[in-house]
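Examining the three-dimensional arrangement
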Amino acid sequence: MIKKAVIVFSAIILIILSGCGEETSTYKDSKRMVLDMLRTDEGRDTLKEMLQDKELRSAVVMNDTTVKQTIIETLTTDEGHKVWQELLEDPDFSRKLAKTMEKENEQLLKKMMKDPDYQGMMIDILKDPELQKGYLELQKTKPFRKQMEKILQETVAGPMFQKELSDAITKVLQKQAEKTERAE
């Protein structure tokens, strides 16, 4: 009885193992066939079409660690520097990149403005005689003066300025009236 059970059990194992061997062989053959197809011109064209499909691209999700690792690797190599330099020279790419980073850059700048070391550095830059000379030269230009004139006109036309001006004139007239009454 035990001999029959061992023989049946061995036969089942042999059948299972022989089936697995065929699947492995079939898998290897299938793999070779798919790789051969991808290496053809038609296979490459099909891949290009698939990668241009927006739905497929949005479905492909990379995790944060992969993205971080890739960025670090591309930024730290000489080839990476060249690639980024070329990308940043493209105005369309630069605009899109800046737009996606706009909020983060604003938050970083606000944080830096509170930093005493950064404030000191900015003050030193603004005190630079060459920079001040440049500002003075800029203020002498016709476009700058036109812009200042436009700003002044908008300010004077604004209701807040008109109210403040009216209040100031009223105070001056009241003081003049008081001086006139005392003099009489």
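Residues numbered from 1 in each chain as written. Predicted model: local features only at pLDDT ≥ 70, side-chain atom pairs only at ≥ 80, totals over all residues. Heavy atoms only, no water.

**Here we look at the overall build of the protein chain**
The following threshold applies: What counts as a helix is a DSSP run of H or I of at least four residues, what counts as a strand is a run of E of at least two, and both are numbered from the N terminus. Exposure categories follow from relative accessible area, calculated using a 1.4 Å probe and restricted to protein chains: below 20% of the type maximum is buried, above 50% is exposed, and the middle band is partly exposed.
In terms of helices and strands, the protein chain carries eleven helices and zero strands. The linear arrangement of helices and strands in the protein chain, starting from the amino end, is α-α-α-α-α-α-α-α-α-α-α. The proportion of buried residues among the 184 residues of the protein chain is 2%.

**A word on a negative patch on the surface**
Under the convention used in this document: Patches were defined on residues exceeding 30% relative accessible area and lacking a salt bridge, with like-charge contacts within 9 Å and nonpolar side-chain contacts (Val, Leu, Ile, Met, Phe, Trp, Tyr) within 5 Å. The Shrake-Rupley method, run with a 1.4 Å probe, gives the accessible areas here. Residue values count only the displayed protein chains as cover. Salt bridges are identified by distance alone: a Lys or Arg side-chain nitrogen within 4 Å of an Asp or Glu carboxyl oxygen. Residues counted as positive are Lys and Arg, residues counted as negative are Asp and Glu, and His and the chain ends are not counted. Working definition for charges: the position is that of NZ of Lys, CZ of Arg, CG of Asp or CD of Glu.
Together, Asp41, Glu42, Asp45 and Glu49 make up a negatively charged patch on the protein surface. Within the element layout of this structure, Asp45 appears in helix H2 (residues 41–52). Look at Asp45 and you get partly exposed, because its relative accessible area is 40%.

**Digging into the packing of helix H10 (residues 142–157) against helix H11 (residues 159–183)**
So the rule is basically this: Inter-axis angles, ranging from 0 to 180 degrees, are taken between N-to-C directions of lines fitted to C-alpha atoms, where helices are fitted over the stretch in contact. Orientation categories follow fixed angle ranges, with anything under 35 degrees roughly parallel, anything over 145 roughly antiparallel, 65 to 115 roughly perpendicular, and all other angles oblique. Residues are treated as being in contact if the distance between any of their heavy atoms lies within 4.5 Å.
Interhelical geometry of H10 versus H11 gives an angle of 65° and a closest axis separation of 5 Å. Taken together, the axis directions place H10 and H11 in an arrangement best described as roughly perpendicular. Across the interface between the two elements, Thr155, Val156 and Ala157 from H10 touch Pro159, Phe161 and Gln162 from H11.

**Re a nonpolar patch on the surface**
Together, Met33, Val34, Leu35, Met37, Leu38, Leu47 and Met50 make up an exposed nonpolar region whose accessible area comes to about 590 Å². Those elements giving two or more residues to the nonpolar patch turn out to be helix H1 (2–39) and H2. The dominant element in the nonpolar patch, judged by the number of residues it contributes, is H1, at five residues. Take Met50: it is sitting in helix H2.

**Side note on the packing of helix H8 (residues 116–127) against helix H9 (residues 129–139)**
How we decide: Residues are grouped as follows: Ala, Val, Leu, Ile, Met, Phe, Trp, Tyr, Cys and Pro are nonpolar; Asp, Glu, Lys and Arg are charged; every other residue, Gly included, is polar.
Between H8 and H9, the shortest axis-to-axis distance is 5 Å and the interhelical angle comes to 60°. When the interaxial angle is binned, H8 and H9 end up oblique. Along the contact surface, H8 presents Ile125, Leu126 and Lys127, while H9 presents Pro129, Leu131, Gln132 and Tyr135. Among the residues making up the contact of H8 with H9, the classes are represented as five nonpolar, one polar and one charged.

**Details of the pattern of salt bridges**
Enumeration over the complete set of coordinates arrives at six salt bridges. The salt bridge partner of Glu106 is Lys110, with a shortest N-O separation of 3.3 Å. Residue Glu106 and its partner Lys110 are both found in helix H7 (residues 102–113); the two are separated by four residues, about one turn of the helix. Residue classification places Glu106 among the partly exposed residues on the basis of a relative accessible area of 44%.

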